[in-house]
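Topology and contacts: notes
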Amino acid sequence: MITDLMTPVFRQFEGGLFAEIEKADVGDGVVRLQEQGATLMCWADPFYPDPIIPPHVAKAAAESILDGSSVHYTMPIGNPELKVEIARHLKATAGLNLEPQRNILITPGSDSGLFYAMLPFIEAGDEVMIVDPSYPNNFQNTLIMGGVIVRVPIYAENHWQLDVKEFEKRLTPKTKMVVLTHPNNPTTTVFREESLRDLADFIIKNDLVLVVDQAFEFPVFDGIPMTQMAALEGMWERTLTVRSFSKGMGLSGFRVGYIVADDQVIDKLYAAMVTVLGATNSAAQIGAIAALRDQSFLENYARVHESRRTYVYEQLHGIPGVRMQISESGFLSWVDVSGLGSSNEVVAHLISDAGIVVNSGDNYGENGKGYIRIVHGVLSSEMDFQAAINAISASLRRLAEARGLTAQTENKVAAR
Ligand SMILES: Cc1ncc(COP(=O)(O)O)c(C=O)c1O
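Residues numbered from 1 in each chain as written. Predicted model: local features only at pLDDT ≥ 70, side-chain atom pairs only at ≥ 80, totals over all residues. Heavy atoms only, no water.

So, on to the sheet that holds strand β9 (residues 323–324). Read from one edge of the open sheet, four strands run β9-β10-β13-β12, paired in antiparallel fashion. Either end of the sheet is taken by a strand with one partner, and the two such strands are β9 and β12 (359–360). The pairing of strand β10 (residues 332–336) with strand β13 (residues 371–375) spans five bridges and is antiparallel. Residue Leu332 lies in a different strand from β13, and its bridge partner there is Val375. Packing against the sheet, helix α13 (residues 343–354) makes contact with β12 and β13, and its axis sits at approximately 40 degrees to β13. (Pairing = 2+ DSSP bridges. Helix = DSSP H or I, 4+ residues; strand = E, 2+ residues; numbered from the N terminus. Contact = heavy atoms within 4.5 Å. Axes fitted to C-alpha atoms, helices over the stretch in contact; angles between N-to-C directions.)

In structure tokens, the structure reads:
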């Protein structure tokens, strides 16, 4: 079997062609459910599946196709104008002073950027500290590179904030890197500056590398400051920040992301870029330039997601057996359903009872057990969105009733 010739990590992967994959949110399974009429609230894809694009972005990308200019690779890899716009944007929003051609690398989406950011540093046996729960790719990327996953737990009781002591406890001579999803997916937590300063001191003191995934850095709610790890003293040289146009600008299908780092890092990444990632779609990069130049559409975008997170919180928190903290960023809700059953049981219940697919918290790490992730940013119509959340709410109430839980039996905790 050709698979016997694969690395042990790849040998154990299953893509759903030869075995039924249990997880509802991957591969064929999710497509089948959608064909059967299920509503998908499991793709972190703004307003999915509705067609929605800022007109000026559509115009720029479409014109570049119609006039033939985007049929070519961008030369060099990564549209130089896009890098200039990104540098301007990050100066305005993050206070970073970047040299567009030396500090920015355009990638085909930030998933590839995330993988690529880790690649130069991780070899067999290197330990990678990853916050648990966090984005599943962090765990998988580490395994693919032969690294060792070191899970650093965060807890609901601590509002999912970082505690540097949890990192310190797990430090060994093999520790090489910290991977941080900030704001965190699935918890939506925006890590507070004080804990990030502690983490930065820990990273510097122990000569580690930081990969920070900021795909969800916009929108952030309640005026919580979005601290830039790369801007903290001593961190620029050892931080690779991975960003995306998918979440904060609602352009997920364009597949445009980027890495921001010191030119010592970018130089090496640049050298291997053609072989490992290739170039990013040229028309999509032109669309991304238009999105950066006129960001007026983002005001409404942020407002919609802000009002939705409140709606979800009001509908779901306090259902017997259900607790949540209101989202701090993005368009996800992270909901503790452990009072009703395991994550997978509740996911299966919502599919069969409400026809809605959400994510099992198990996918996000050991500390995701007992949670579900709801992508409340899907569907463009507010009515459709509310109908879906109301259906989840009713369905969870039915499950609570079946479990013999009532509001009286519940000790309602205001977790905010
Ligand atoms: C935390 C996080 N980072 C990165 C990505 C990758 O996004 P993209 O490749 O579309 O930029 C995702 C997608 O779900 C994500 O949730």
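Next comes the rest of the account.
Right, let's get into the domain arrangement of the protein chain. Segmentation of the protein chain into domains returns domain 1 (2–51 + 297–401) and domain 2 (55–293). On a C-alpha basis, the centres of domain 1 and domain 2 stand 24 Å from each other. Taken residue by residue, the interface counts 29 residues in domain 1 and 39 residues in domain 2. Across the domain 1/domain 2 interface, buried area totals approximately 2900 Å², and carbon plus sulfur atoms make up 61% of it. It is Glu328, Tyr364 and Asn367 in domain 1 that bury the most area against domain 2; as a group they hold 23% of the surface buried on that side. Counting across the interface, domain 1 meets domain 2 through two salt bridges. The shortest N-O distance in the salt bridge between Asp222 and Arg309 comes to 2.9 Å. For the interface between domain 1 and domain 2, the tally reads 17 residue pairs in polar contact (both at pLDDT 80 or more). For the side of domain 1 that touches domain 2, the elements supplying multiple residues, two or more each, are α1 (8–11), α12 (297–316), β10 and β13. (Domains from an automatic or database assignment. Buried area = accessible area lost by both parts, 1.4 Å probe. Salt bridge = Lys/Arg side-chain N within 4 Å of Asp/Glu carboxyl O. Polar contact = N/O pair within 3.5 Å; in protein donor to acceptor, adjacent residues only side chain to side chain.)

Near the ligand lie 13 residues; those nearest to it are Asp213, Ser244, Ser246, Lys247 and Arg255. Interatomic distance of 2.6 Å between a side-chain N/O atom of Ser244 and an oxygen atom of the ligand. Between Ser246 and the ligand, the recorded distance is 2.6 Å, taken from a side-chain N or O atom to an oxygen atom. In isolation the ligand exposes 400 Å². Once the protein is present, 93% of that is buried. For the shell around the ligand, the leading source of residues is helix α6 (residues 109–118), giving three residues. Of the residues belonging to the shell around the ligand, the class tally is three nonpolar, six polar and four charged. (Near = heavy atom within 4 Å. Areas by Shrake-Rupley, 256 points an atom, 1.4 Å probe, with all protein chains shown as cover. Nonpolar A, V, L, I, M, F, W, Y, C, P; charged D, E, K, R; others polar.)

Counting 69 residues, the largest nonpolar core has Phe245 and Ile392 as its most contacted members. In terms of residues, this core owes the most to one element, α12, which gives eight residues. Structurally, this core is a two-domain feature, drawing no fewer than three residues from each of domain 1 (2–51 + 297–401) and domain 2 (55–293). In terms of nonpolar packing, the next biggest core, distinct from the first, is built from 27 residues, Val152, Ala156, Leu162 and Val178 among them. (Core = buried A, V, L, I, M, F, W, Y, C linked by side-chain atoms within 4.5 Å. Buried < 20%, exposed > 50% of the residue type's maximum accessible area, 1.4 Å probe, protein only.)

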